[in-house]
Amino acid sequence: MTKRIVVDPITRIEGHLRIEVVVDENNVIQDAFSTATLWRGLETILKGRDPRDAGFFTQRICGVCTYSHYKAGISAVENALGIKPPLNAELIRSLMNVSLILHDHTVHFYHLHGLDWCDITSALKADPVAASKLAFKYSPNPIATGADELTAVQKRVAEFAAKGNLGPFANAYWGHKTYRFSPEQNLIVLSHYLKALEVQRVAAQMMAIWGSKQPHPQSLSVGGVTCVMDALDPSRLGDWLTKYKYVADFVNRAYYADVVMAAEVFKSEPSVLGGCNVKNFYSFQEIPLNKTEWIYSTGIVMDGDITKVHEINEDLITEEATHAWYKENKALHPYDGQQDPNYTGFKDMETVGPDGTMVKTKVIDEKGKYTWIKAPRYGGKPLEVGPLATIVVGLAAKNPRIEKVATQFLKDTGLPLAALFTTLGRTAARMLECKLSADYGIEAFNSLIANLKVDQSTYTTYKIDKNKEYKGRYMGSVPRGVLSHWVRIKNGVIQNYQAVVPSTWNAGPRDANGTKGPYEASLVGMKLQDLSQPLEIIRVIHSFDPCIACAVHVMDTKGNELSQYRVDPITVGCNL
């Protein structure tokens, strides 16, 4: 007899995501469904507007990915108009990208995903002196792990617990059997969790140096950047460099060490040794370091075969809506994308409740439409995007920087290359992508300093001919994976605009052929220890770092009510 588990909402993500799974009598997941339950929209808003405004609007798609969409909107229009920004502008954009990655990945691991690995209540039982000594096993120079620091951290959290409230750590599945860290290891990660709150503030300041503020920076413009005086001010350059070194130091002494520790402890935990059932990976070059080199590589790896990297044929990229709440089901290229809504709702069924008993709830119509996210495909096949794709494609392309950090990590952990194709590997890949910026972002900074000595240009002039039609796109790898913006310009204004975002690739539903996207496929075959505490589901989905606000964007410009819906916060499986 099968049972259905509903986790709604998946928390500690951007946006609203619902996961439904069907388990057999042995609690093994037989099927899974990914549903975006809320939607928003900017693509329709952009129609008829000046294309130079695209970046300023698209950065409002999400409050986390603001710079990614900002740069994408600006770059898509530059591509359409045939504009090549000066090298200084490209390098400043690189420094903003480095700032974003250091901020985004650090926050994700510690404040969003880390609690899937770290049991906070266990840390209260730890011996701070023993934990301090243990930290040297994973780093030659650990940070925030002195016995006095760990004692203070333990006391701070214990005060929450004594009041009967763990504050920001409340309402999670503490004590779950799939937690593997010892009390001392949990205390180390908890200390880094609190330290990362300070570090992320500095990383945000790095972005603000070039963008005037964070989130929603303001210094990019079609043709270049506007932060000219900042680039020419030695004190501003020095300020960024100082903050960069501070954040990079935390990445290397804490983030890297904690993932090495997780690899050692969780390498025998079955629930993190799967979670990668779509082994097609898509990455695109990003972060130029000079005139010819980029940190990331471009290409596609199919079926997990890293002996070959395939060139990208952009004509093969489509989105379809067979199982998404839109009217047009056909697979359309993004240049021709449509988003007219067609909401069909949920149906009644009994599912497993938080106490293990059967309860009545709303479930999706799995044979019909069940999400606001479309299904992107490449030549009809699903692709995973994100840091794991960055590392896998980089290895296939023999990218020297990626080979160096990935090879060193596998050596430090003793893991085989195949371990990358797991939930554990996906989590490690995000750390490695962060380390790439921590180790090599300085090259872009040095290139900027060198180029400013001979060339101070930051902007390229251009003209929009209203009698011409243009089309162009941005494509690049941002923190959650490959992002692309596609624009058509006619009569001097935007005729059509589509954003195909990382979480659309990963969180999309099955297609017309019944082929699952990466989220759904990643859960199939995993066994749950406790149906009322589906931590394993949370851990797998968090490893992708979902951004649902990015993945869904549609609206009715006349303000008509299209549908009503409610997210019940006490529905099955709620967690921190």
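Just so it is clear, the model here is predicted, and its values are computed rather than measured.

Novice: What is the right way to look at the overall build of the chain in this model?
Specialist: Counting its regular elements, the chain contains 17 helices and 14 strands. A compact globule built from 576 residues should have a C-alpha radius of gyration of about 25 Å, and the chain, at 23 Å, falls within 12% of that. The buried share of the chain, taken over its 576 residues, is 62%. Surface exposure of the chain reaches about 21400 Å², of which carbon and sulfur atoms provide 50%. Across the chain, 63 positive and 61 negative side-chain charges occur, with their mean positions spaced 2 Å apart.

Novice: Looking at this structure, I do not really get the packing of aromatic side chains. What am I missing?
Specialist: Aromatic ring pairs: the centre-centre distance and the angle between the two ring planes describe each pair. A complete count under the given rule lists 23 aromatic pairs for this structure. Seen from their ring centres, phenylalanine 109 and tyrosine 110 are 4.9 Å apart, and the 85° between their planes marks the pair as edge-to-face. For the pair phenylalanine 109 and tyrosine 110, a shared accessibility class is recorded, and that class is buried. Through a chain of ring-to-ring contacts, three or more aromatic side chains come together here, namely Trp325, Tyr326, Tyr343, Phe346 and Trp372. Taking NZ or CZ as reference, lysine 374 lies 5.4 Å from the ring centre of tyrosine 326, over its face. Between arginine 539 and the ring centre of tryptophan 117, over which it is positioned, the NZ or CZ distance is 5.4 Å.

Novice: I'm lost on the pairing of strand E10 (residues 358-363) in this one. Help?
Specialist: Where a strand is regular, its side chains alternate between the two sheet faces. Pairing between strand E9 (residues 347-352) and E10: 6 bridges, direction antiparallel. Following the sheet pairing, valine 352 is matched in E10 by methionine 358. Linking two consecutive strands that pair antiparallel, namely E9 and E10, is a turn of 5 residues; a positive phi of about 90° is found at glycine 356 within it.

Novice: I would appreciate a short explanation of the pattern of salt bridges in the present structure.
Specialist: Note on pairing: side chains with opposite charge can pair once their charged atoms come close. All chains considered together, the criterion is met by 30 salt bridges. Salt-bridge contacts for lysine 362 lead to aspartate 348; the nearest nitrogen and oxygen are separated by 2.9 Å. Taken together, the residues lysine 362 in strand E10 and aspartate 348 in strand E9 connect sequence positions 14 residues apart. With a relative accessible area of 43%, lysine 362 lands in the partly exposed category. One salt bridge connects arginine 401 with glutamate 443, and the closest N-O pair in it is separated by 2.9 Å. Of this pair, arginine 401 sits in helix H12 (residues 400-413) while glutamate 443 sits in helix H13 (residues 423-452), and the two are 42 residues apart along the sequence. Through salt bridges that share partners, Arg4, Asp8, Arg18, Glu20 and Glu366 make up one connected network.

Novice: Explain the sheet that holds strand E1 (residues 3-7) to me, please; I cannot follow it from the model alone.
Specialist: Consider a sheet: its strands pair through backbone hydrogen bonds, and that pairing is either parallel or antiparallel. Strand order in the open sheet formed by 3 strands is E1-E2-E3, and the pairing between neighbours is antiparallel. Looking along the sheet, the strands with just one partner apiece sit at the ends: E1 and strand E3 (29-36). Strand-to-strand, the axes of this sheet are offset by a mean angle of 15°, without reference to chain direction. Bridge count for E1 against strand E2 (residues 17-23) is 5 bridges, and the pairing is antiparallel. Considered in E2, the bridge of valine 6 is made with glutamate 20. The strands that helix H16 (residues 535-542) touches are E1, E2 and E3; relative to E2, the one it contacts most, it runs at about 130°.

Novice: Just checking my understanding: could you explain the pairing of E2 for this structure?
Specialist: Burial analysis of E2 places 7 of its 7 residues in the buried class, which makes it a mostly covered element. Both faces of E2 are covered, namely the face carrying Leu17, Ile19, Val21 and Val23 and the face carrying Arg18, Glu20 and Val22. For E2 and E3, the ladder comprises 7 bridges, and the chain directions are antiparallel. Each residue of the ladder has a partner; that of leucine 17, found in E3, is alanine 36. Adjacent in sequence and paired antiparallel, E2 and E3 are bridged by 5 residues, among which asparagine 27 carries a positive phi angle near 65°.

Novice: Before we go on, may I ask you to explain the packing of helix H4 (residues 87-113) against helix H8 (residues 183-211) in this structure?
Specialist: Helix-helix packing: each pair is described by the crossing angle between the helix axes and the interaxial distance. Where H4 meets H8, the closest approach of the two axes is 9 Å, and the angle between their N-to-C directions is 160°. Compared by their axis directions, H4 and H8 come out roughly antiparallel. When you trace H4 past H8, the crossing you get is left-handed. Here H4 contributes Ile92, Leu95, Met96, Ser99, Leu100, Leu102, His103, Thr106, Val107, Tyr110 and His111 to the contact with H8, which in turn contributes Val189, His192, Tyr193, Ala196, Leu197, Gln200, Ala203, Ala204, Met206, Met207, Trp210 and Gly211. Considered class by class, the residues forming the contact of H4 with H8 number 16 nonpolar, 7 polar and no charged.

Novice: Which parts of the structure should I look at to understand helix H10 (residues 234-266)?
Specialist: The periodicity of an α-helix, 3.6 residues per turn, causes residues three or four places apart in sequence to face the same way. If you check H10, its first and last C-alpha atoms are 46 Å apart, about what 33 residues at 1.5 Å a residue would give, namely 48 Å. By the largest-angle criterion, valine 251 marks the main kink of H10, which is about 35°.

Novice: Hey, could you run me through the side chain of threonine 44 in this one?
Specialist: Of note, threonine 44 is situated in helix H1 (residues 43-46). Within polar-contact distance, the side chain of threonine 44 engages the side chain of glutamine 339 at 3.3 Å.

Reading guide: rules and limits
Residues numbered from 1 in each chain as written. Predicted model: local features only at pLDDT ≥ 70, side-chain atom pairs only at ≥ 80, totals over all residues. Heavy atoms only, no water. Helix = DSSP H or I, 4+ residues; strand = E, 2+ residues; numbered from the N terminus. Rg over C-alpha atoms; globule rule 2.2 N^0.38 Å. Buried < 20%, exposed > 50% of the residue type's maximum accessible area, 1.4 Å probe, protein only. Areas by Shrake-Rupley, 256 points an atom, 1.4 Å probe, with all protein chains shown as cover. Lys, Arg positive; Asp, Glu negative; His and termini not counted. Charge placed at Lys NZ, Arg CZ, Asp CG, Glu CD. Phe/Tyr/Trp six-rings, centres within 6.5 Å; stacked < 30°, edge-to-face > 60°. Lys NZ or Arg CZ within 6 Å of the ring centre and 35° of its normal. Pairing = 2+ DSSP bridges. Salt bridge = Lys/Arg side-chain N within 4 Å of Asp/Glu carboxyl O. Axes fitted to C-alpha atoms, helices over the stretch in contact; angles between N-to-C directions. Contact = heavy atoms within 4.5 Å. Parallel < 35°, antiparallel > 145°, perpendicular 65-115°, else oblique. Left-handed = near helix turned anticlockwise from the far one by under 90°. Nonpolar A, V, L, I, M, F, W, Y, C, P; charged D, E, K, R; others polar. Expected span 1.5 Å × (residues − 1). Bend = angle between axes of the 7 residues up to and from the residue. Polar contact = N/O pair within 3.5 Å; in protein donor to acceptor, adjacent residues only side chain to side chain.

Limitation: the analysis is restricted to geometry and does not speak to function.
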